[in-house]
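For reference, the chains in residue letters:
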Amino acid sequence: MADPLVPTHPLADPLSGPPEEAGPDSAAVVLTAGPPLVLLDLRCRDRAALDSLLKKPLELASPPVARAVSKSGNTLFRLGPDWWQLRCKKRKPADRLLRADPAGPVGVTDISDAWLAIGVAGPRARDVLAKAATVDLHPDAFPAGSAARTLFGRVTVVIARLEDGEPPAFDVTVSRSNARFLWRWLADAAREYGYTLKPFSGGGAG
Amino acid sequence: MSGPQFRLPADTLPDGRIDREAPLGFSFNGESFTGYAGDTLASALLAYGAFPLARSFKYHRPRGIFGAGAEEPNALVQLETGGYSQPNLRATQIELYGGLSAASVNAWPSVDFDLMRVNDWLSPIFPSGFYYKTFMGAGVGAGRWWRLFEPFIRRAAGFGRAPTAPDPDRYERMNAHCDVLVVGAGPAGLSAALAAANRGGRVILVDDQTEPGGDLLAGDRRIDDAPAMDWVAAALERLGAAPDATVLARTAVAGLYDDNFATAVESVGDRFGPGAPDHLPRLRLWRIRARQIVLATGAHERPYAFANNDTPGTMLGNAIRHYAGRYAVVPGRQALLGTDNDSAYRTALLLARAGIPVTLADARETPPSALADAARQAGVDVEAGCAISAVLGDRRVRGAKIGRVLPDGEISGALRPVEADLVGVSGGWNPALHLASHRGARPVWNEAQTCFVPDDLTALGLRTAGAVTGAGSLADCLEQGYAAGRDAARAAGRTKRTRKPDLKTDDGAAGAPIRPLWAVTGRQPGSRRGKAFVDLQNDVTVKDVALAARENYRSVEHLKRYTTLGMGTDQGKTANVIGLALMGVETGRSPEAVGTTTFRPPYTPVPFGALAGRDRGALFDPVRETPMFDWHAANGAVFEDVGQWKRPYAYRRDGESLEAAIGREVRAVRNAAGVMDASTLGKIDLKGPDVVTLLNRVYTNDWETLKVGRARYGLMCHEDGMIFDDGVTARLADDHYVMTTTTGNAVTVLNWLEMWLQTEWPELRVFATSVTEAWATATVAGPEARRLVSGLDSDIDWSDDAFPHMAVRTGTVLGAPARVFRVSFSGEASWEINVPAHCGPALWQALIDGGATPYGTEAMHVLRAEKGFIIVGQETDGTVTPHDLGMGWAVSKRKDFIGKRSWSRPDTARPDRKHLVGLLPLDSGTVLPEGGQIVADPEQEPPVTMLGHVTSSYKSPSLDGSFALALLKNGRNRMGDTVHVLRLDEGADAARVVAPAFYDKDGGRMRG
Amino acid sequence: MLLIRCPYCGLRDESEFSYGGEADIARPLEPETLTDAEWADYVFLRTNTKGRFREQWVHAHGCGRWFTLVRDTVTHAHGETGVFGGVEPEADG
């Protein structure tokens, strides 16, 4: 019997689907399936309460809406005025936050398995995303630290540019059920330029 | 076809934009031709002469190439064959590639011998409005005549053929953003793009030609004492060096929309033909969001009308200039140019330089002396005060007649024959204001230029520059372009200062104003074939416009619909203004008083492939897969689409029919244990001290009494009292609940809660978070289910006492955190086990290994219907209340909630509304059609009284017969009655009305 | 395709939003005291304004917040926005 605690991953190797390299330049776009996430949904109407909850364990403070901040491998995405997602490097701080009082000022919910991250990098990464994203991903409009929840074609995603760097590398958070569709979509959209796929290699498919 | 004898020998003129080192073979109507890289299909064909390559729409008269760009009315072709084929492309806009294959459209059996030409000779019986008058009138039998003749008329009409094979190509889409979008890369557009880019703006410059340059591509203009194309090259170099300027050639803007949103179609692989590299899309649809837009879309030359002005070899004067200067093609040996303005003089001079004898008939009594002198010096025969009266020849121009023309277009005095095989006509310029019109610009009549120009749209972030404003001189175009680009960039927040370039142009001495000429009339030679066309594509003549005026179709909209003026694929780019000016002449009004029809997108036709873009095949719509998808796929699952979810409908074993599989799955749940993937059910975590208040307001039943560890079924209604969702909500802790929703409404319900929480009840302390995908859900049901779940590695006590029906427990299953609901949709004892999504496959495998039979959505539907459990969206349709379903038990009388008040409205309170009932067909082998209408008497004379409809209908393995659920008028008072369900084809089936529960009516099985 | 100004996220494409109809339709506090006509007015009847119209939208695929927006139903020109529940945009947002 499969060990249930070994995470299964919809984008794990080997993945039946598009070829792992195609198009004129396999370095033009690199798609990387991110590892399983430790992800919390945070809802709060009082930003100070959230900041004080996160300050001690993670040294994070809320960024403005549609921005993200990272510290020591933990990233806080501000999706809305009263809505955050916290991506943790390790399980432990997440578990501690989950013990928060459900009647308290911050609603903390574990949504780790609901989402996956896909890295979209390479000199043509922006062009591939612009085939469906209506937000402006130009470096002037979307500098490092940007994180927009938006509609990507007909899939709701969070597109983020977490780090500086040229050409920009993007991080796309997509719901688990849509992950394979988006993966195939991105590969197909990148064919024009050329791509390399890097499925997740740390666990079984599922 | 003899050789390309009309290609000018090298060195006659500068070679323009063709590359004589790169010959390209192609075929047209099955014959072989050779052109050059840089040619369009039109220029390459014209190198062989101005032969007929099309037949006209109505009269099937021979037609040749008339223009040089998007305005082309005649030269429509079918490009390539099979799935790649595209109908009705303008030969003037098809970039030549090696191996291209194209054919004429609208000719039967061939362009050289077209049987439908009979329409031309019969034209006295086919006047405008013929079809309306003959077939659509109120006269006796008109409709019958139309049915008889329609197939013939449909075949005779229309242009190319839609491809019948699937389109093998890829089409891409691209969203782009910029400060300034410049449409048109002629001198004004280039100047605007440079000015905007110099100010640091993000600029996109779009042009539908194969390369930027616009009018300068004709090669006969000079800027700063050098060929103007040198300036174009330098401008492109500077744009290339700018940090954020994109130049898109071969890209036609199709439409402008609100908030400066533009769509444009770029030819990518298209220009290589079917042999394009595999990775390239054929077309790319650009969706451009611009802060500011500069329209430098230029102008289309218009002709004036005269007899037989459609004869191949008759062209727009400026098109002749472009073919000569850009492609080194002059499709004639002797040219006659007719004009009412200055622009024909450049054409005349260029032709003269190419050694072509030219007669220039200038309608103005006194042509501007500087121009006329220069022309005469170059050997051009300038005839002042003259206009073309008629062209001679049928399949090709064999000569023409000119005469002295009066201000109203009447010829006075004798006609003079002119030897010519090429006729160019220049009747003035129509600014290409289509895109401005998309944004609501009103066309304003400019009397001096006798053209419509767009009014001011600066407030919308839209500016115009160049010929689209009516500007005539190159200097004005450059100047206006610079100003528009600068102002647009400034309005977009780019404040860097720039210096205006000082450019010297070759505009020369001032010319003379236009003397507007719309149609040359008077007695014409050859009564039968003397048609003077206004709209070449739709075969609308000067007489047709006069007829419309006589029959009082005087408004421009009536004129258009009565005569079909401007209704072709070219949308009347060369025809509209003449048509409405002639209507003005007929009715004593100015063109402005006649008005214009509204231009709507697209500017030029857009292939469906470009619109569909990436939304086709496997990527047509997003697909959602549950964590257990791979197991289902590997084990015979037949999937059904539930929204975007792929859900197993049934699992088919080798050799098993779908029906047998469903029956087997139902029996397994009734007799042993089944397991279903219920991961798609919506799950919403609700946290906060006021959750119970929220639940009380959105659900119809009472939530105060729900204890921790218990679950309750609830119905949600809209404010109109009608059900819109149902589901079970469980209380996990004092201030923590989890709500489940139907699969299809998971997002809708969350949005519904958020709407009330945000807009109406912000005081409620509740946080709602979707956890649908965080959990994988396996529902284990059946008499053996307890034995099966008890065998799982888990810390949960599964006994009835510890874990009764409608309880919820948290714990671990297989070492993973789990939420388990003891709820039943099948009527059997049933547990919904939720584990983190990544553990779903392991849980599923463990249950299968324990002996559970996997069952799909159809077995689930049968099981729940046997119990009389409803499915929202199947038993309900937005007109059904809980009371209609006999679910008053799920309604609280003690509190207010959304929808309650509507139930006391008279119609909702009626006792004889449609009620949920069961139906048992009298023939137990008959499965009633879902959706079938219920009647009391199938023999009743129409209109038949409808009593309701069948909502669910199945064959039941458990009941040994078929059964159905239905909504039936006054159903609860019809128990035992026999009703009739109409079949979808004919006939009806009798059924007995029973209570909507067929199996284990007291619910003993699911409780224990 | 409109460009809509979300009070929290700034200008975003219309496709990210869902329309919520006329704004300022408050749910009656005591529905049972209303006449049928008054209740029908609340549930079913809306003004069909030509010109400036205050309506509500939700940034469904963005920040998830409802807000009000004044839009000219003739020209689509949009004007001031408003928020619900006192959730004001932050100065640094």
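Residues numbered from 1 in each chain as written. Chains lettered and ligands numbered in written order. Predicted model: local features only at pLDDT ≥ 70, side-chain atom pairs only at ≥ 80, totals over all residues.

S.K.: Any chance you could break down the overall build of chain B for me, citing the residues and the numbers?
M.R.: Secondary structure assignment for chain B yields 25 helices and 49 strands. Judged by the C-alpha coordinates and their principal axes, chain B covers about 115 × 75 × 55 Å. Per-residue burial for chain B yields a buried fraction of 56% across its 1008 residues. A sequence separation of at least 24 residues applies to 66% of the contacts in chain B between residues at least 6 apart. (Helix = DSSP H or I, 4+ residues; strand = E, 2+ residues; numbered from the N terminus. Buried ≥ 20, exposed ≤ 12 C-beta atoms within 10 Å, placed from the backbone. Contact = placed C-beta atoms within 7 Å.)

S.K.: Would you mind going over the overall build of chain C in detail, with residue names and values included?
M.R.: A count of helical and extended segments in chain C gives 1 helix and 6 strands. The order of helices and strands in chain C, counted from the N terminus, is β-β-β-α-β-β-β. Taken along the three principal axes of its C-alpha coordinates, chain C extends 45 × 30 × 20 Å. Across the 93 residues that make up chain C, the buried fraction comes to 29%. By sequence separation, contacts in chain C at least 24 residues apart represent 51% of the contacts at least 6 residues apart.

S.K.: Provide a residue-level description of the interface of chain C and chain A, including the pertinent values.
M.R.: In many analyses, interface size is given as the accessible surface area lost on bringing the parts together. Taken together, the contacts link 16 residues of chain C with 15 residues of chain A. Its residues assigned to classes, the side of chain C that touches chain A shows 5 nonpolar, 5 polar and 6 charged. (Nonpolar A, V, L, I, M, F, W, Y, C, P; charged D, E, K, R; others polar.)

S.K.: Describe the confidence of the model for chain B, with residues and values.
M.R.: Averaged over all residues, the pLDDT of chain B is 93; the fraction at 70 or higher stands at 94%. Between residues 524-528 of chain B, whose pLDDT stays under 50, and residues either more than four places distant or in other chains, the model counts 7 contacts. (pLDDT = per-residue confidence, 0-100.)

S.K.: Give a detailed account of the interface of chain A and chain B, specifying residues and quantitative values.
M.R.: Taken together, the contacts link 43 residues of chain A with 45 residues of chain B. Looking at the side of chain A that touches chain B, the elements that each hand over two or more residues are strand 3 (38-44), strand 7 (106-110) and helix 4 (179-190) of chain A. It is helix 4 of chain A that contributes the most residues to the side of chain A that touches chain B, 6 residues altogether. Residue composition of the side of chain A that touches chain B, by class: 19 nonpolar, 11 polar and 13 charged.

S.K.: Tell me about helix 1 (residues 47-58) of chain A, and name the residues and values.
M.R.: Residue and element names in this part refer to chain A. If you check helix 1, its first and last C-alpha atoms are 16 Å apart, about what 12 residues at 1.5 Å a residue would give, namely 16 Å. Those residues of helix 1 hidden inside the fold are in contact with strand 3, strand 4 (68-71), strand 5 (74-80), strand 6 (83-88), helix 2 (91-98) and strand 7. Trailing helix 1 by a residue or two, Glu59 shows a phi angle of about 55°, which is positive. (Expected span 1.5 Å × (residues − 1).)

S.K.: Break down the sheet that holds strand 12 (residues 195-198) of chain A for me, with residues and values.
M.R.: All names here are of chain A. Strands sit in the order 1-12-2-8-11-10-9 across an open sheet of 7 strands; the sheet is mixed. The open sheet has two free edges, formed respectively by strand 1 (21-22) and strand 9 (146-152), since each of these has just one partner strand. Bridge count for strand 1 against strand 12 is 2 bridges, and the pairing is antiparallel. Bridge pairing in strand 12 places Ala22 opposite Tyr195. In the packing of helix 4 onto the sheet, contacts are made with strand 2 (29-33), strand 8 (115-121), strand 10 (155-161), strand 11 (170-175) and strand 12, and the angle to strand 8 comes to roughly 10°. (Pairing = 2+ DSSP bridges. Axes fitted to C-alpha atoms, helices over the stretch in contact; angles between N-to-C directions.)

S.K.: Give me the lowdown on the domain arrangement of chain B, citing residues and values where you can.
M.R.: The assigned domain composition of chain B is domain 1 (173-299 + 431-491), domain 2 (677-855) and domain 3 (907-1007). Here the C-alpha centre of domain 3 of chain B lies 65 Å away from the C-alpha centre of domain 1 of chain B. (Domains from an automatic or database assignment.)

S.K.: Lay out helix 13 (residues 556-563) of chain B in plain terms, naming residues and giving numbers.
M.R.: All names here are of chain B. Of all the residues in helix 13, the buried ones are Val556, Leu559, Lys560, Tyr562 and Thr563. Considering only its buried residues, helix 13 is in contact with strand 30 (540-541), helix 12 (542-550), helix 14 (576-587) and helix 15 (591-594). The first or second residue beyond helix 13 is Thr564, which carries a positive phi of 70°.

S.K.: Give me the sheet that holds strand 37 (residues 736-741) of chain B: which residues, what numbers.
M.R.: All names here are of chain B. Taken in spatial order, the 5 strands make up an open sheet running 35-36-37-34-38, and their pairing is antiparallel. A single partner strand is all that each edge strand has here, and the edge strands are strand 35 (711-717) and strand 38 (767-770). Along the sheet, successive strands turn relative to each other by an average axial angle of 25°, direction set aside. In the packing of helix 20 (residues 746-760) onto the sheet, the strands contacted are strand 34 (682-687), strand 36 (723-733), strand 37 and strand 38, and the crossing angle to strand 38 comes to about 165°.

S.K.: Explain the environment of Trp756 of chain B to me, and be specific about the residues and the numbers.
M.R.: Residues and elements named next belong to chain B. Along the chain, the position of Trp756 falls in helix 20. Taking the C-beta count within 10 Å as the criterion, Trp756 has 18 such neighbours and is therefore assigned partly exposed. Considered as a pair, Trp756 and Ala68 are 688 residues apart in the sequence and their alpha carbons are 60 Å apart. Residue contacts for Trp756: discarding those within four places in its chain leaves Val698 and Trp761.

S.K.: Can you break down the nonpolar core residue by residue, with the values?
M.R.: Formed by 375 residues in total, the largest nonpolar core has its most connected members in Val780 and Leu843 of chain B. The leading source of residues in this core is helix 4 of chain A, at 9 residues. With residues near it in sequence (within four places) discarded, Val780 of chain B still touches Ala673, Val675, Ala785, Leu788, Val789, Ser830, Trp831, Ile833, Leu847 and Ala852 of chain B. (Core = buried A, V, L, I, M, F, W, Y, C linked by C-beta atoms within 7 Å.)

S.K.: Run through unusual backbone geometry, naming residues and quoting values.
M.R.: Following Glu166 of chain A, the chain continues into Pro167 of chain A via a peptide bond in cis, with omega recorded as -5°. Of note, the bond from Pro601 of chain B into Pro602 of chain B is cis; its omega dihedral lies within 30 degrees of zero at -5°. On the secondary structure map, Pro602 of chain B appears in the loop between helix 15 and helix 16 (608-612). If you check the backbone angles, Glu59 of chain A has positive phi at about 55° while not being a glycine. Looking at the element boundaries, Glu59 of chain A is found in the loop between helix 1 and strand 4. Accessibility expressed as a C-beta count within 10 Å gives 10 for Glu59 of chain A, which makes it exposed.

S.K.: Can you break down the packing of helix 12 of chain B against helix 14 of chain B residue by residue, with the values?
M.R.: Residue and element names in this part refer to chain B. Two elements in contact, helix 12 and helix 14, have axes whose closest approach is 9 Å; the angle formed by their N-to-C orientations is 50°. Relative to helix 14, the element helix 12 is oriented oblique. For the pair helix 12 and helix 14, the crossing hand works out as right-handed. The residues of helix 14 that touch helix 12, namely those facing Val542, Val545, Ala546 and Ala549, are Gly579, Leu582, Met583, Glu586 and Thr587. Residues that form the contact of helix 12 with helix 14 fall into these classes: 6 nonpolar, 2 polar and 1 charged. (Parallel < 35°, antiparallel > 145°, perpendicular 65-115°, else oblique. Left-handed = near helix turned anticlockwise from the far one by under 90°.)

S.K.: Account for the pairing of strand 5 (residues 66-72) of chain C, with residues named and values stated.
M.R.: All names here are of chain C. Buried residues dominate strand 5, accounting for 5 of its 7 residues. The sheet contact formed by strand 4 (residues 52-58) and strand 5 spans 7 bridges and is antiparallel. The partner of Trp57 across the bridge, within strand 5, is Phe67. The loop that links strand 5 with its antiparallel partner strand 6 (residues 78-83) comprises 5 residues; one of these, His76, has a positive phi angle of about 70°.

S.K.: Residue-level account of the confidence of the model for chain C, with values.
M.R.: Do not read the predicted coordinates in detail wherever pLDDT is low. The share of residues in chain C with pLDDT of 70 or more is 98%, and the mean pLDDT across the chain is 95. Quick note on the complex model: pTM equals 0.94, ipTM equals 0.98.

S.K.: Give a description of the pairing of strand 7 of chain A that names residues and reports values.
M.R.: For strand 7 of chain A, a buried count of 5 out of 5 residues is recorded, marking the element as mostly surrounded by other parts of the structure. Burial along strand 7 of chain A is two-sided: the residues Val106, Val108 and Asp110 of chain A and Gly107 and Thr109 of chain A are all buried.

S.K.: Outline the environment of Leu31 of chain A, listing residues and values.
M.R.: All names here are of chain A. Inspection of the secondary structure puts Leu31 in strand 2. With 25 C-beta atoms packed within 10 Å, Leu31 lands in the buried category. Along the chain, Leu31 and Lys90 lie 59 residues apart, while their C-alpha atoms are 24 Å from each other. Those residues in contact with Leu31 that sit more than four places away from it in its chain are Ile118, Gly119, Val120, Trp183, Leu186, Ala187, Tyr195, Leu197 and Lys198.

S.K.: Mind laying out the packing of helix 5 (residues 187-198) of chain B against helix 11 (residues 474-491) of chain B, listing which residues take part and the relevant values?
M.R.: All names here are of chain B. Remark: helix 5 packs on helix 11, axes separated minimally by 7 Å, with the N-to-C direction vectors making an angle of 35°. When you trace helix 5 past helix 11, the crossing you get is right-handed. Of the residues in helix 11, those in contact with Pro187, Ala188, Gly189, Leu190, Ser191, Ala192, Ala193, Leu194, Ala195 and Ala196 of helix 5 are Leu474, Cys477, Leu478, Gln480, Gly481, Tyr482, Ala484, Gly485, Arg486, Ala488 and Ala489. For the contact of helix 5 with helix 11, the class distribution of residues is 15 nonpolar, 5 polar and 1 charged.

S.K.: Tell me about the environment of Thr47 of chain C, and name the residues and values.
M.R.: Residues and elements named next belong to chain C. Tracing the backbone through its elements, the reader meets Thr47 in the loop between helix 1 (36-44) and strand 4. Given 9 C-beta atoms within a 10 Å radius, Thr47 is considered exposed. Note: C-alpha distance between Thr47 and Gly21 (26 residues apart in sequence) is 9.9 Å.

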